[in-house]
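Structure assessment
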Amino acid sequence: MLLALQILFFVCIFGLVHAYVLYPLLMYWWAGNKKPSSNFYTTDDEWPQVSVLMAAYNEEAIIKEKMQSLLDSDYPMDRLSIWVGSDNSKDRTNEIMDSFAASHQNVHFLPFTERQGKPGIINQLAVKAVNKIGTDHQHIFLLTDASVLLEPFTMKKLIRHFKQDDIALVDSNMLNTGIKSKGISKSEKEYVNREVRLKNREGLLWGTMIGPFGGCYALRADYYSEVPPKFLVDDFYIAFRALERGGAAINDLEAICHESVPHDIREEYRRKSRISAGNYQNLYTFRHLLLRPFSKLGFAFISHKVMRWMGPFFITGSFVICGFLGYSGNLLYTYLFYLMSLVLFGIPILDFILQKLNIHILLLRNITYFLVMNVALLEGFIKYINGIKNNVWEPPKRG
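A brief look at the structure comes next. Predicted, not measured: the structure shown is a model, and the values here were computed from it.

1. Looking at the side chain of T144
- With respect to the element layout, T144 can be found in strand β4 (residues 139–144).
- Of the polar contacts made by the side chain of T144, one reaches the backbone oxygen of G215; its length is 2.8 Å.

2. A short note on helix α10 (residues 311–327)
- End to end, α10 covers 24 Å across 17 residues, agreeing with the expected 24 Å (1.5 Å per residue, within 8%).
- All of the buried residues in α10 are G311, P312, F314, I315, G317, S318, F319, I321, C322, L325 and G326.
- Those residues of α10 hidden inside the fold are in contact with α1 (2–30), α8 (265–285), α9 (296–309), α11 (331–356) and α12 (362–386).
- G329, located one to two residues past α10, shows a positive phi value of around 110°.

3. Concerning the packing of α1 against α9
- Where α1 meets α9, the axes come as close as 8 Å, and the angle between the chain directions of the two elements is 145°. By crossing handedness, the relation of α1 to α9 is classed as left-handed. Touching G15, H18, A19, Y20, Y23, L26 and W30 of α1 are F299, A300, S303, H304, M307 and R308, all from α9.
- Among the residues forming the contact of α1 with α9, the class breakdown is 8 nonpolar, 4 polar and 1 charged.

4. Let's talk about the nonpolar core
- Core analysis: the largest hydrophobic core is formed by 52 residues, its most contacted members being L53, L143, L219, Y224, F240 and F301.
- In terms of residue count, helix α7 (residues 234–244) provides more of this core than any other element does, 7 residues in total.
- Excluding anything up to four places from it in sequence, F240 contacts I210, F286, L289, L297 and F301.
- Core analysis: the next-biggest nonpolar cluster, separate from the first, contains 42 residues, V50, I62, I82 and V107 among them.

5. Description of the pattern of salt bridges
- On inspection of all chains with the given rule, the structure shows 18 salt bridges.
- Residue E267 pairs with R270 through a salt bridge whose shortest N-O separation is 2.5 Å. Of the two residues, E267 and R270 both sit in helix α8, 3 residues apart, roughly one turn of that helix.
- What makes R270 partly exposed here is its relative accessible area of 37%.
- Each of K157, R160, D252 and E254 takes part in salt bridges that share partners, so that together they form one network.

6. Brief notes about the side chain of S73
- Within the secondary structure layout, S73 lies in the loop between α2 (63–71) and β2 (80–87).
- Apart from residues no more than four positions distant in its own chain, S73 is found in contact with P152 and M155.

7. Some points on the sheet that holds strand β6 (residues 167–177)
- With mixed pairing, the 8 strands of this open sheet are ordered in space as β3-β2-β1-β4-β7-β6-β8-β5. Of all the strands in the sheet, the pair left with one neighbour each is β3 (107–112) and β5 (149–150).
- Sheet analysis places β6 next to strand β8 (residues 248–260), joined by 9 bridges and oriented parallel. Within β8, the position partnered with L169 by the bridge is A249.
- Of the strands in this sheet, β1 (49–56), β2 and β3 are in contact with helix α3 (residues 93–103), which crosses β3 at around 155°.

8. Here's the deal with the environment of S295
- Relative to the elements of secondary structure, S295 occurs in the loop between α8 and α9.
- Side-chain polar atoms of S295 contact the backbone oxygen of R292, separated by 2.8 Å.
- Within polar-contact distance, the side chain of S295 engages the backbone nitrogen of G298 at 3.0 Å.

9. Digging into unusual backbone geometry
- Non-glycine residue N58 carries a positive phi angle of around 50°.
- Relative to the assigned elements, N58 resides in the loop between β1 and α2.
- Although it is not a glycine, K230 adopts a positive phi angle of roughly 70°.
- With respect to the element layout, K230 can be found in the loop between β7 (216–220) and α7.

10. Considerations on the packing of aromatic side chains
- Scanning the entire structure with this criterion turns up 25 aromatic pairs.
- Relative to Y224, the ring of F141 lies with its centre 5.7 Å away and its plane at 80°, an arrangement referred to as edge-to-face. Of this pair, F141 sits in strand β4 while Y224 sits in the loop between β7 and α7, and the two are 83 residues apart along the sequence.
- Among the residues examined, F141 registers a relative accessible area of 0% and is labelled buried.
- Among the residues examined, Y224 registers a relative accessible area of 15% and is labelled buried.
- A ring pair is formed by F236 and F301, whose centres lie 6.1 Å apart and whose planes are at 40°; its orientation type is tilted. In this pair, F236 sits in helix α7 while F301 sits in helix α9, placing the two residues 65 residues apart along the sequence.
- Of the residues examined, F236 reaches a relative accessible area of 3% and is grouped as buried.
- With a relative accessible area of 0%, F301 lands in the buried category.

11. Comments concerning the pairing of β2
- Within β2, 8 of the 8 residues are buried, which leaves it mostly tucked inside the rest of the structure.
- Going residue by residue along β2, you find L80, I82, V84 and S86 tucked away on one face and S81, W83, G85 and D87 tucked away on the opposite face as well.
- Pairing between β1 and β2: 7 bridges, direction parallel. Looking across to β2, one finds that A55 is bridged to G85.
- Where β2 and β3 come together, 6 bridges link them in parallel fashion.

Thresholds applied
- Residues numbered from 1 in each chain as written.
- Predicted model: local features only at pLDDT ≥ 70, side-chain atom pairs only at ≥ 80, totals over all residues.
- Heavy atoms only, no water.
- Helix = DSSP H or I, 4+ residues; strand = E, 2+ residues; numbered from the N terminus.
- Polar contact = N/O pair within 3.5 Å; in protein donor to acceptor, adjacent residues only side chain to side chain.
- Expected span 1.5 Å × (residues − 1).
- Buried < 20%, exposed > 50% of the residue type's maximum accessible area, 1.4 Å probe, protein only.
- Contact = heavy atoms within 4.5 Å.
- Axes fitted to C-alpha atoms, helices over the stretch in contact; angles between N-to-C directions.
- Left-handed = near helix turned anticlockwise from the far one by under 90°.
- Nonpolar A, V, L, I, M, F, W, Y, C, P; charged D, E, K, R; others polar.
- Core = buried A, V, L, I, M, F, W, Y, C linked by side-chain atoms within 4.5 Å.
- Salt bridge = Lys/Arg side-chain N within 4 Å of Asp/Glu carboxyl O.
- Pairing = 2+ DSSP bridges.
- Phe/Tyr/Trp six-rings, centres within 6.5 Å; stacked < 30°, edge-to-face > 60°.

Below, the structure is given as structure tokens:
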């Protein structure tokens, strides 16, 4: 029994190390010499028709700036239509959007009077756009959030790749703004930057970028799959349905967009726990890929996502096993248990105390951030097991 527990302990440790260290290193190594294709749309080509799909809920603080960032795009305006659905907003979102729709023929605004949830809004906007333009292979959806601002060149950078018939999805490069030493903004920025580069390498290597950042990505309209009711993480579901159908998904580092980063760890915890519940919905939906660990898509899915979603179980399992083995008299595991206790409990407490003294040490903050987000994953799993009642959302408070 003790041998079995030791094996299980190292399995848990390997799962964490593989997800956060080995797999990113493998992608860095394997994709190191890969260059993105230069088969792009040019000024001499007729660019595809683009339909922007955006759900909004109480976004009066940002919606005007967001709409202006779309309308300021250097994409041909005669090839661009913007579809915005307000999820029964109670602030001035509807008023602001009515003004844009009245002054721009290519802006279509749908104010819903009952909460739909973001996926429900996007599903209905997709139907509206397809009914108007069709599901031609050259009809592209740009799915974006109100909180994400695009550079004037971003849309063209995303759409240019669709000259390649095998491309189904192109993700953007999300840059965070409003970074401060206080709070978790630096840790969140580091996480996002690492994720963007990892996804870029997955796309370069295999065309299997594992899930876009839902704030801004482009998708062929004929690859869109209706998101099921009560689903929380629509971007991952849409992307994986496209990958399953044989489409390629890539990331373009030049397609820059901006989103203010959260500072309050409690606010980010709330957002991450909600996303985590949706992650387990997707894990169950695409569980058949677990039986294909040596396929490109299966290996990337397991390594990049599944291992991370199992993180709280790996951490808890290794800690409990280490304590049991140490209590059984194994001196090595006794020392490991003390070390793990220091990391799991001592560092977050020390970081909290130092914050109160206005001392911010990034390494400590990163460890605290990592541990708290794994607790959010665990809470998300509990929410999933208890059943997802609805998928309506509240915009997070950001910088």
